[in-house]
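Spelled out from the first residue to the last, the chains are:
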Amino acid sequence: MRNAVIDMIGVEAERANSRVLQDVLYSTRNPNQYVYNDTMERTRRENLGSVDNMDMIFEIVIRVDTPAVEQVLNRQGITGSAATTGEGRAQSLVEEEQAPHGESPATAGAGAAEALALESSDYESASDEEQRFIRRYVDTMTYMVYFPEESEEDPFVMRSAVAQANRYLTSNGYFAVDAAQVESLRQDQQFVYEAETGREMSMIQWIAQRLNADMYIEVDALTGSESQSGNHYATANVTLRMFETSTGQLLGTVNRRSPRTLSRSSADDATLNAVQSTVFQAMPDVVDQSRIQMAGYLSRGVRYDLIFTNTSDPRLISEFRRRLSARVADMTTISQTAEQTQWAVYYFGRSDDLQDLIYDVSDIVAGLDGLYLVMTRGKSLTFDTGL
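Residues numbered from 1 in each chain as written. Predicted model: local features only at pLDDT ≥ 70, side-chain atom pairs only at ≥ 80, totals over all residues. Heavy atoms only, no water.

1. Focus: the sheet that holds strand β10 (residues 330-336)
- Spatial strand order, β10-β11-β9-β13-β12: five strands in an open sheet with mixed pairing. Unpaired on one side and paired on the other, β10 and β12 (372-377) mark the two borders of the sheet. Sheet twist, expressed as the average angle between the axes of neighbouring strands with direction ignored, equals 20°.
- As judged from the eight bridges shared by strand β9 (residues 302-309) and strand β11 (residues 340-347), these two strands associate in the antiparallel manner. Considered in β11, the bridge of leucine 306 is made with tryptophan 343. (Pairing = 2+ DSSP bridges. Helix = DSSP H or I, 4+ residues; strand = E, 2+ residues; numbered from the N terminus. Axes fitted to C-alpha atoms, helices over the stretch in contact; angles between N-to-C directions.)

2. Points about the pairing of strand β3 (residues 142-146)
- Most of β3 sits inside the fold, with five of its five residues counted as buried.
- Of the two faces of β3, both are covered, the one formed by Thr142, Met144 and Tyr146 as well as the one formed by Tyr143 and Val145.
- In this sheet, strand β4 (residues 175-176) lies alongside β3 in parallel orientation, the contact comprising two bridges. Along β4, the bridge assignment pairs tyrosine 143 with alanine 176. (Buried < 20%, exposed > 50% of the residue type's maximum accessible area, 1.4 Å probe, protein only.)

3. Some points on unusual backbone geometry
- Phi at asparagine 212 is positive, roughly 60°, even though this residue is not glycine.
- With respect to the secondary-structure elements, asparagine 212 resides in the loop between α12 (203-210) and β5 (215-228).
- Although it is not a glycine, serine 229 sits at a positive phi angle of roughly 50°.
- Within the secondary structure, serine 229 sits in the loop between β5 and β6 (231-244).

4. Section: the pattern of salt bridges
- On inspection of all chains with the given rule, the structure shows twelve salt bridges.
- The partner of arginine 260 in a salt bridge is glutamate 226, and the shortest N-O contact between them spans 2.5 Å. Residue arginine 260 is found in the loop between β7 (250-257) and β8 (261-263), and its partner glutamate 226 is found in strand β5; the two are separated by 34 residues along the sequence. (Salt bridge = Lys/Arg side-chain N within 4 Å of Asp/Glu carboxyl O.)

5. Observations concerning the packing of helix α9 (residues 155-171) against helix α13 (residues 267-297)
- Between α9 and α13, whose axes approach to 9 Å, the crossing angle comes to 35°. For the pair α9 and α13, the sense of crossing is right-handed. Judged by residue contacts, Phe156, Val157, Ser160, Ala161, Gln164, Ala165, Arg167, Tyr168 and Leu169 of α9 engage Leu272, Val275, Gln276, Val279, Phe280, Met283, Pro284 and Val287 from α13.
- Here the contact of α9 with α13 is composed, by residue class, of 13 nonpolar, three polar and one charged. (Left-handed = near helix turned anticlockwise from the far one by under 90°. Contact = heavy atoms within 4.5 Å. Nonpolar A, V, L, I, M, F, W, Y, C, P; charged D, E, K, R; others polar.)

6. Regarding the side chain of threonine 278
- By the element assignment, threonine 278 lies in helix α13.
- Excluding residues that lie within four positions of it along the chain, threonine 278 makes contacts with Ala236, Val238, Arg256, Arg257 and Ser258.

Written as structure tokens, this is what we have:
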């Protein structure tokens, strides 16, 4: 791992930050999160002692997960000027090949970069207050973890994987939905789910909305096992996908493969150990990635679905939309009929705050003084206009 860091930031920068790197990276209790376990090869195995008093030396080579290491370096503000190596050299050669003759890669991309900069200036950055809201939102997110309906793995193994993920979340101060609540809704509410959604969303997303989770995580696994001479071995390839609940937007994926685990009791026990340990090792990356991606996703505000019934007066509804849009971050019409109008609203605030805002706006739009809330479910609010 140290060799990888030196390759990324250079010898001098690595030496200058050695104490910090020792604390946050080299002495980690979970080194598997920074390497690809399935690439490990043993290059040396030697006993320097005797048969009765063994003194074993092992040497291995293993591929380092450089994006994961880079995240640690970025969080600590550690940078350097390492010579371009490996992938960097290949990228440089590609850039040189693609740049027009006599024009450097930097110059060749300047026009596109300038165009992007001009376009990005069209968007307002979040204010200090909005940024504080985003930080509070991310810090207090509620997670829901479960496995997909179509998973072919043993349900007992998958429930154990969910339990391990929840154990990591709760032990590190994050809010997690009790798996028993998920199981209860999944078993008892199939008819309600189909009636409400028409299967337009996954049942896991629907359950996450019902339980007011801000993010849901799907855990899936592919396992293999074998038995030899009374010993039982297993491996697990685990994938965790993070989704924003209201839209089902995929925010990230973390994949981990376990080393070959051993159990002397049964192949099922070896499989269980492989899945549980791999999930627990992956969870730090899952949480880090989900927090970073959610903060970016919230840069426009939290998305809420507003549904208004009895919208027979289009001019009145248009006036209400115009006044409301001036007081939220963004607003888009999804559908509008005489019976029902639906908007997607991006707002820096909780659902209770948005509800109060809607009442404030309705008070100043003549004809909507009878508007009232019918139902709130997750980030979906339904109102009746009273018309």
